[in-house]
Amino acid sequence: EAQVTQNPRYLITVTGKKLTVTCSQNMNHEYMSWYRQDPGLGLRQIYYSMNVEVTDKGDVPEGYKVSRKEKRNFPLILESPSPNQTSLYFCASSLHPGLAGTYEQYFGPGTRLTVT
Amino acid sequence: GEDVEQSLFLSVREGDSSVINCTYTDSSSTYLYWYKQEPGAGLQLLTYIFSNMDMKQDQRLTVLLNKKDKHLSLRIADTQTGDSAIYFCAETPNNAGNMLTFGGGTRLMVKP
């Protein structure tokens, strides 16, 4: 089954304790992206990756890191989480821009992060 | 920068039509989308429209685009309780690759 998976689905942590949220897709998509969802703000893009070893900042990259060492994986790293990073995080993937035409992005189920 | 706005909440009765509205500011938008988010789930693409189209119909869904007013709407005919969800409008600005700019989402509640 074609899907985007994220782990963990729920995480409660304390300020300053490094954490990683994993994202994996099995559709051989070149493009992957991380969003955070906050009430009334919709989804805002954190980072995206056009292909392996190619990453770029989205709208709200501060406090986050990403890596793209393999095509299927795109982990989101919070080196020193703070309470304002409490949010619902979504990973998404799609074919390379310009080839798919519809730019449809497939979303993972979300990771709810609470930083106390 | 780009801005996409939606009303927060819509309540309809089962069997009625629902109309969810969205306004955007970026006149260079090439694609406009409607995504559906059910409780506890990720976003699912419902439909999309090219910026050179005025209307697109897909079964119970009708998308209307008014480029002059930068207004997008999603009409759901014969709304069912299973349509209860949050609906997000999104756009892809020209030459922005796959970057999506989302509205804040409209929560649709369907009463039996």
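Scroll up a little and you will see the structure.
Summarised in this report is the structure supplied together with it. (Residues numbered from 1 in each chain as written. Chains lettered and ligands numbered in written order. Predicted model: local features only at pLDDT ≥ 70, side-chain atom pairs only at ≥ 80, totals over all residues. Heavy atoms only, no water.)

Let's talk about the interface of chain A and chain B
Across the contact, 25 residues belong to chain A and 20 residues belong to chain B. For the pair chain A and chain B, the summed buried area comes to about 1,700 Å², and 57% of that belongs to carbon and sulfur atoms. Remark: the boundary between chain A and chain B carries zero salt bridges. At the boundary of chain A with chain B, the tally comes to two residue pairs in polar contact (both at pLDDT 80 or more). The set of elements that each furnish at least two residues to the side of chain A that touches chain B consists of β4 (31-38), β5 (42-51) and β9 (87-94) of chain A. Residue contributions to the side of chain A that touches chain B peak at four residues, all from β5 of chain A. Here the side of chain A that touches chain B is composed, by residue class, of 12 nonpolar, 10 polar and three charged. (Contact = heavy atoms within 4.5 Å. Buried area = accessible area lost by both parts, 1.4 Å probe. Salt bridge = Lys/Arg side-chain N within 4 Å of Asp/Glu carboxyl O. Polar contact = N/O pair within 3.5 Å; in protein donor to acceptor, adjacent residues only side chain to side chain. Helix = DSSP H or I, 4+ residues; strand = E, 2+ residues; numbered from the N terminus. Nonpolar A, V, L, I, M, F, W, Y, C, P; charged D, E, K, R; others polar.)

Some details on the pattern of salt bridges
For side chains of opposite charge, pairing can occur when their charged atoms come near one another. Evaluation of the coordinates by the stated rule reveals seven salt bridges over all chains. For the salt bridge of arginine 36 of chain A with aspartate 38 of chain A, the shortest nitrogen-to-oxygen distance reads 2.9 Å. Exposure remark for aspartate 38 of chain A: the relative accessible area of 11% places this residue in the buried category. With a closest N to O distance of 3.7 Å, lysine 68 of chain B and aspartate 69 of chain B form a salt bridge. Assessed through its relative accessible area of 73%, lysine 68 of chain B is described here as exposed. (Buried < 20%, exposed > 50% of the residue type's maximum accessible area, 1.4 Å probe, protein only.)

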